[in-house]
Amino acid sequence: MKILIVGGAGYIGSICTELLLDEGHQVAVFDNLGEGHRRAVDSRANFIIGDLADRSQIEAALSSIGPDAVMHFAASALVGESMRDPSKYFRNNISNGLNLLDAMVATRVGRLVFSSTCAIFGPPERVPIDETAPARPINPYGESKLAYEKILRWYGEIHGLKFVSLRYFNAAGASENFGEDHRIETHLIPNVLKVALGQKPDVEIYGTDYETPDGTCIRDYIHIVDLVRAHLLALGAGKSEFYNLGTGDGSSVREVIAACRKITGRKIDIVEKPRRPGDPPRLIASSEKIKRDLGWQPQFESLDAIIDSAWKWHQKFPHGYGD
Ligand code: UDP
């Protein structure tokens, strides 16, 4: 298939581009390089620099490529930042995302795979969280993604858009060539590995008084390659759907740090800090629906395997993409 990856220079988009190319698809990447990196774009892909804020740019890209499907990864995705700057989240994730949908309608591109998030749910009544759980986000990031999911439903109904929305839990790990390099790193695993590399003095633990066994937040870390494989399966989905995507297992912040100590063999100091606003205590996915409907099956279910792949990548590229 011919696929346009919007946001293909970012962490998840870059690895999705790589896997699609490995599978023999034709891939074009559209990215404004605001968060992404030129070097994160696989050299086999056709790279178009452009910004979703300008509808004419995405429309021109869609017209010239004529893709069979679009994958949309271009968004702001930090819970903490969204609590300080909600406007950025509503603008980038909703308004700019709407430019993509309108450009797709105008150019008659009818299939989309969308990066959604478990942050649409907020603190769950029960875990694992399946697709029937009520969506009650507690941060603007989750709210912006939930709004976009609702927009997708209407574009499906009115314009016939076929979409699959994948609610990621915590994407982590790396492929051999591509990994996680954010200009300002807020995510737990890369921050712990930066301490292991001697680039940061210690890991800050945000909150040790949660109602969890060790007092720190629990998340469902899913290997990036497993997560990306779900996108490939979504391309063949017969109908529009929303799927939760995680491993069904949770690890606390302290457990992640302990696993990083074990895998790296390095000293990793910690500092206990107050809670980070907007963080739900425990998020674990039920991915039964995508397993049933699309035959998705994670291949890297252990936290150790995920951290091991991230550690290999960070050792190979200690300064990330270097820009
Ligand atoms: N966290 C932490 N220290 C860090 C980064 C994150 O204690 O340096 C915690 C964060 O508060 C959350 C969990 O680790 O409970 C996962 O955070 P991350 O930012 O990686 O992903 P999120 O779940 O926010 O998408």
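Residues numbered from 1 in each chain as written. Predicted model: local features only at pLDDT ≥ 70, side-chain atom pairs only at ≥ 80, totals over all residues. Heavy atoms only, no water.

### Examining the nonpolar core
Right, on to step 1. Ile5, Leu20, Met71, Leu166, Val228 and Leu245 are the most contacted members of the largest nonpolar core, which has 42 residues in total.
Right, on to step 2. Where this core is concerned, the elements lending two or more residues are β1 (2-6), α1 (11-22), β2 (26-31), β4 (69-72), β6 (162-168), α7 (224-234), β11 (241-245) and α9 (288-294).
Right, on to step 3. One finds Val6, Val70, Ile94 and Leu152 within the second-largest nonpolar core, a separate group that totals 26 residues. (Core = buried A, V, L, I, M, F, W, Y, C linked by side-chain atoms within 4.5 Å. Buried < 20%, exposed > 50% of the residue type's maximum accessible area, 1.4 Å probe, protein only. Helix = DSSP H or I, 4+ residues; strand = E, 2+ residues; numbered from the N terminus.)

### A look at the sheet that holds β4
Right, on to step 1. An order of β3-β2-β1-β4-β5-β6-β11 is seen for the 7 strands of this open sheet, with the pairing classed as parallel. On the outer flanks of this sheet lie β3 (46-49) and β11, each paired with one strand and no other. Strand-to-strand, the axes of this sheet are offset by a mean angle of 20°, without reference to chain direction.
Right, on to step 2. Two elements, β6 and β11, share 5 bridges in a ladder whose sense is parallel. Across the sheet, the residue bridging to arginine 167 is asparagine 244, located in β11.
Right, on to step 3. Its contacts with the sheet place α1 against β1, β2, β4 and β6, and it is angled at close to 170° to β1.
Right, on to step 4. Seen against the sheet, α7 touches β4, β5 (111-117), β6 and β11 and runs at an angle of roughly 165° to β6. (Pairing = 2+ DSSP bridges. Axes fitted to C-alpha atoms, helices over the stretch in contact; angles between N-to-C directions. Contact = heavy atoms within 4.5 Å.)

### Considering the site of the ligand
Right, on to step 1. In the region of the ligand, 14 residues are neighbours, and Leu188, Glu204, Arg219, Arg276 and Asp279 sit closest.
Right, on to step 2. Separating an oxygen atom of the ligand from a backbone N or O atom of tyrosine 206 is a distance of 2.9 Å.
Right, on to step 3. Aspartate 279 is positioned with one of its side-chain polar atoms (N or O) 2.5 Å from an oxygen atom of the ligand.
Right, on to step 4. Alone, the ligand offers 510 Å² of accessible surface; in the complex the protein occludes 91% of this.
Right, on to step 5. Mapped by element, the contributors of at least two residues to the shell around the ligand are α6 (188-196) and β8 (203-206).
Right, on to step 6. If you tally residues by element for the shell around the ligand, the top one is β8, at 3 residues. (Near = heavy atom within 4 Å. Polar contact = N/O pair within 3.5 Å; in protein donor to acceptor, adjacent residues only side chain to side chain. Areas by Shrake-Rupley, 256 points an atom, 1.4 Å probe, with all protein chains shown as cover.)

### Digging into the sheet that holds strand β14 (residues 282-283)
Right, on to step 1. Read from one edge of the open sheet, 3 strands run β12-β9-β14, paired in mixed fashion. Strands at the two margins of the open sheet, each flanked by one partner only, are β12 (251-252) and β14.
Right, on to step 2. Relative to β14, strand β9 (residues 218-219) is paired through 2 bridges, and the arrangement is parallel. The residue of β14 that forms the bridge with isoleucine 218 is arginine 282.

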